[in-house]
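Here is how the chains run, residue by residue.
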Amino acid sequence: MFVVFPDTSAVADYVSATLVNTIKSKPDAVLGAATGGTMEPIYACFIDKVRQQQLDVSRLTFFNLDEYVGLGVDHSQSYAAYMREHLFRHLSFNAARLYLPDGQAKSLEEHCRDYSARMQQHGGTDLQLLGVGSNGHIGFNEPGTAFDSRCHVVELSERTRIDNSRFFAEDEIVPASAITMGMQDIMDAREVLLVATGKNKAPILARYFESEVTEAIPFTILKKHPRVKIILDEAAASLLPARVFQRAAAA
Ligand code: GLP
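Cut-offs used in this document
- Residues numbered from 1 in each chain as written.
- Predicted model: local features only at pLDDT ≥ 70, side-chain atom pairs only at ≥ 80, totals over all residues.
- Heavy atoms only, no water.
- Phe/Tyr/Trp six-rings, centres within 6.5 Å; stacked < 30°, edge-to-face > 60°.
- Helix = DSSP H or I, 4+ residues; strand = E, 2+ residues; numbered from the N terminus.
- Buried < 20%, exposed > 50% of the residue type's maximum accessible area, 1.4 Å probe, protein only.
- Lys NZ or Arg CZ within 6 Å of the ring centre and 35° of its normal.
- 1 Å grid on protein atoms, 1.4 Å probe; cavity = no way out; pocket = protein on both sides within 12 Å on 5 of 7 lines; lining within 4 Å.
- Points joined across faces, edges and corners; volume = space filled by probe spheres on them.
- Nonpolar A, V, L, I, M, F, W, Y, C, P; charged D, E, K, R; others polar.
- Near = heavy atom within 4 Å.
- Polar contact = N/O pair within 3.5 Å; in protein donor to acceptor, adjacent residues only side chain to side chain.
- Areas by Shrake-Rupley, 256 points an atom, 1.4 Å probe, with all protein chains shown as cover.
- Sits in = over half its atoms within 2 Å of the grid points.
- Axes fitted to C-alpha atoms, helices over the stretch in contact; angles between N-to-C directions.
- Parallel < 35°, antiparallel > 145°, perpendicular 65-115°, else oblique.
- Left-handed = near helix turned anticlockwise from the far one by under 90°.
- Contact = heavy atoms within 4.5 Å.
- Pairing = 2+ DSSP bridges.
- Right-handed = clockwise from strand over helix to strand, strands pointing away.

Student: What exactly am I supposed to notice about the packing of aromatic side chains here?
Tutor: Geometry of an aromatic ring pair is reported as the spacing of the ring centres plus the angle between the planes. If you walk through the whole model with that rule in mind, you get 14 aromatic pairs. Taking 5.3 Å as the distance between ring centres and 85 degrees as the angle between the ring planes, the aromatic pair formed by Phe62 and Phe93 counts as edge-to-face. Here Phe62, found in strand 3 (residues 61–64), pairs with Phe93, found in the loop between helix 3 (79–86) and strand 5 (98–99); they are 31 residues apart in sequence, far enough to count as distant. Each member of the pair, Phe62 together with Phe93, is buried. Both rings, one in Phe88 and one in Phe93, keep their centres 5.6 Å apart while their planes meet at 80 degrees; by these two values the pair is edge-to-face. Pair check on accessibility: Phe88 and Phe93 agree, each one buried. Here the guanidinium or amino end of Lys223 rests over the ring plane of Tyr208, the centre of that ring lying 4.9 Å away.

Below, the structure written as structure tokens:
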């Protein structure tokens, strides 16, 4: 289901309210976290709501979607640093319940197996947040990734490295590979919210709508998920026929 909001702040308000409702109904919820520019206003809004409503977040568990291979928590562009800056350092989370793939693990394969196993021990996520790459990737599952994959190491596509270079300094090189939750780890979620904002995402949203379920456009797998919402602003929805989406006001 596509739900379209007037702008990014209305999107952030709605998605953060959904997170808050999840916590209220299940204070020990397992949440799947995403990174990227799309999520920044969402986390900011979530932090405000948690503070205003004085919610206890200490029983929550987080599993992050992905991490660059080779970047540690001290590298400003690692997703560990992103999560610390945009979410984790602002609220009283239990650090032992914040899981991120470790881009510097000694054995990446073993680490991937353990990460996926740990997610399954938790019964998968209650709510998985997703962004989407301009080529349709979710997490770092690039086009062609097997739908039955679990957490694994991926070679990043040229498209993704170019898209993500905007976050890196001019003299920094975007890593060539990453660890990502697999497609099956994502599909184990009880509920999925995919968020896309801005006109750069409009073409891939139109392809999603027109396409059958195919590994060539990874996020088409979501058409098979029983509980998924695709949350868009007007710009990201601009190439979709108006009859297929529902317009919403802020939450
Ligand atoms: C990155 C992340 C994805 C994210 C996507 C979109 O490649 N690995 O998890 O969804 O980019 O990012 P943005 O929100 O910055 O467009």
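There's plenty left to go through after this.
Student: Can you help me understand the layout of surface pockets in this one?
Tutor: The probe, sized like a water molecule, is rolled over the atoms to show the empty space still left. Roughly 520 Å³ of volume is contained in the largest pocket. As for the largest pocket, its lining consists of 25 residues, and the residues nearest its centre are Val132, Gly133, Asn164, Arg166 and Lys201. When the residues that make up the lining of the largest pocket are grouped by side-chain class, the tally is seven nonpolar, 13 polar and five charged.

Student: Sorry if this is basic, but what is going on with empty space enclosed by the protein here?
Tutor: Per the counting criterion, the structure on display carries one cavity of 30 Å³ or more. Within this model, the largest cavity holds a volume of roughly 30 Å³. Taken together, the elements giving at least two residues each to the lining of the largest cavity come down to strand 2 (30–33) and strand 6 (127–130). Top contributing element to the lining of the largest cavity by residue count: strand 2, with three residues. In terms of residue class, the lining of the largest cavity is made up of seven nonpolar, one polar and no charged.

Student: How do you make sense of the site of the ligand when you look at a structure like this?
Tutor: Lining the immediate surroundings of the ligand are 14 residues, of which Gly37, Thr38, Asp66, Arg166 and Lys201 lie closest. Residue Thr38 places a side-chain N or O atom 2.4 Å away from an oxygen atom belonging to the ligand. Considering the ligand on its own, with 390 Å² of exposed area, one finds that the protein chains cover 95% of that surface. Assessed atom by atom at 2 Å from the grid points, the ligand resides in the largest pocket. Residues that form the shell around the ligand fall into these classes: four nonpolar, seven polar and three charged.

Student: Would you explain the environment of Gly136 in this entry?
Tutor: Examined against the element boundaries, Gly136 turns out to sit in the loop between strand 6 and strand 7 (152–155). When the C-alpha positions of Gly136 and Thr125 are compared, they lie 21 Å apart, and in sequence the two are 11 residues distant.

Student: Would you mind going over the packing of helix 1 (residues 8–25) against helix 2 (residues 40–52) with me for this structure?
Tutor: To characterise two packed helices, one gives the angle between the axes of the helices and the distance between these axes. Running from N to C, helix 1 and helix 2 cross one another at 50 degrees; their axes reach a closest spacing of 8 Å. Taken together, helix 1 and helix 2 sit at an angle that is classed as oblique. For the pair helix 1 and helix 2, the sense of crossing is right-handed. Counting all contacts with helix 1, which are made through Ala12, Asp13, Val15, Ser16, Ala17, Leu19, Val20 and Ile23, the residues of helix 2 involved are Pro41, Ile42, Cys45, Phe46 and Lys49. Here the residues of the contact of helix 1 with helix 2 sort into 10 nonpolar, one polar and two charged.

Student: Would you mind going over the pairing of strand 10 (residues 228–233) with me for this structure?
Tutor: Residues in a regular strand project their side chains so that they alternate between the two faces of the sheet. When you tally the buried positions in strand 10, you get five out of six residues, the bulk of the element. As paired elements, strand 1 (residues 2–5) and strand 10 share four bridges and run parallel to each other. Counterpart to Phe5 in the pairing with strand 10 is Asp233. Sheet topology note: the strand 9 (residues 191–196)/strand 10 ladder contains five bridges and is parallel. By the bridge assignment, Val195 is partnered in strand 10 with Ile231. The β-α-β motif built from strand 9, the intervening helix 7 (residues 202–210) and the parallel element strand 10 has right-handed crossover chirality.

Student: Before we go on, may I ask you to explain the sheet that holds strand 7 in this structure?
Tutor: Strand pairing in a sheet relies on backbone hydrogen bonds. The paired strands run either parallel or antiparallel. As summarised here, the arrangement of the three strands in space is 4-8-7, forming an open sheet in which the pairing is antiparallel. With partners counted over all chains shown, the strands left at the sheet margins are strand 4 (66–68) and strand 7, one partner each. Each neighbouring strand pair of the sheet contributes to a mean axis angle of 25 degrees, computed without reference to strand direction. Direction of pairing for strand 4 relative to strand 8 (residues 177–180): antiparallel, over a ladder of three bridges. The residue bridging Tyr68 from the neighbouring strand is Ala178, located in strand 8.

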